[in-house]
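Residues per chain, in single letters:
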Amino acid sequence: MDLFPYIPLPIRDKNNNIVQIFKPMVVVRLCFKHKLSPYPFSCLLDSGSDMNLFPSCFAQNIGIKLEDGEEIKIRGIGDIEIKAYRHKVQLYLDKKHFETTIDFSNYQQFALLGRNGFFNHFNQVIFKEKEKIVELH
């Protein structure tokens, strides 16, 4: 079992004050054809996301030619559709690593880890909201 504390992120409330909101996030690195990302980055664990969806710049940092992947259309909140390209990569999370697919898009600004491609690599993913911790088993 691995425990990951939620990460506080600053946002503006309705009165334009800066407040913290805690998000279930993990820090990962990607590898493509033996090229490891030069730095780790935070990803939101998104139980509402079917797949992993990352900004295209993450692909470029490890030598992926975006358009070489399978072009797909992704529909999200508000039925908005964006174009993405699917690639197989190795994902590193602490001592665990596995092959997965990630959809990379020029229209995505934040890395999302979804049910297929991330959650399915674990027996359980438990969000403990009161404790602000996520457990990966």
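The structure presented is a predicted model; accordingly, all values stated were derived computationally and were not measured.

Participant: Can you lay out the layout of surface pockets for me, pointing to particular residues and giving the numbers?
Facilitator: What the largest pocket holds in volume is close to 490 Å³. Sorting the residues of the lining of the largest pocket by element identifies strand E8 (70–75) and strand E9 (81–93) as the ones contributing at least two each. Of all the elements, E8 adds the most residues to the lining of the largest pocket, at 3 residues. When its residues are assigned to classes, the lining of the largest pocket shows 9 nonpolar, 5 polar and 5 charged.

Participant: Describe the packing of aromatic side chains, with residues and values.
Facilitator: Between two aromatic rings, the relevant description is the distance of the centres plus the angle of the planes. Counted under the stated rule, the structure contains 10 aromatic pairs. With a centroid separation of 6.1 Å and an interplanar angle of 75°, the aromatic rings of Phe54 and Phe104 are classed as edge-to-face. Taken together, the residues Phe54 in strand E7 (residues 53–55) and Phe104 in strand E10 (residues 96–105) connect sequence positions 50 residues apart. Pair check on accessibility: Phe54 and Phe104 agree, each one buried. When the ring of Phe98 is compared with that of Phe118, the centres are 6.1 Å apart and the planes differ by 50°; the resulting orientation is tilted. Residue Phe98 is located in strand E10, and its partner Phe118 is located in the loop between strand E11 (112–113) and strand E12 (125–128); the two are separated by 20 residues in the primary sequence. Since its relative accessible area comes to 0%, Phe118 is described here as buried. Following the ring pairs from residue to residue traces out a cluster consisting of Tyr39, Phe41, Phe54, Phe58 and Phe104.

Each value, and the rule that gives it
- Residues numbered from 1 in each chain as written.
- Predicted model: local features only at pLDDT ≥ 70, side-chain atom pairs only at ≥ 80, totals over all residues.
- Heavy atoms only, no water.
- 1 Å grid on protein atoms, 1.4 Å probe; cavity = no way out; pocket = protein on both sides within 12 Å on 5 of 7 lines; lining within 4 Å.
- Points joined across faces, edges and corners; volume = space filled by probe spheres on them.
- Helix = DSSP H or I, 4+ residues; strand = E, 2+ residues; numbered from the N terminus.
- Nonpolar A, V, L, I, M, F, W, Y, C, P; charged D, E, K, R; others polar.
- Phe/Tyr/Trp six-rings, centres within 6.5 Å; stacked < 30°, edge-to-face > 60°.
- Buried < 20%, exposed > 50% of the residue type's maximum accessible area, 1.4 Å probe, protein only.

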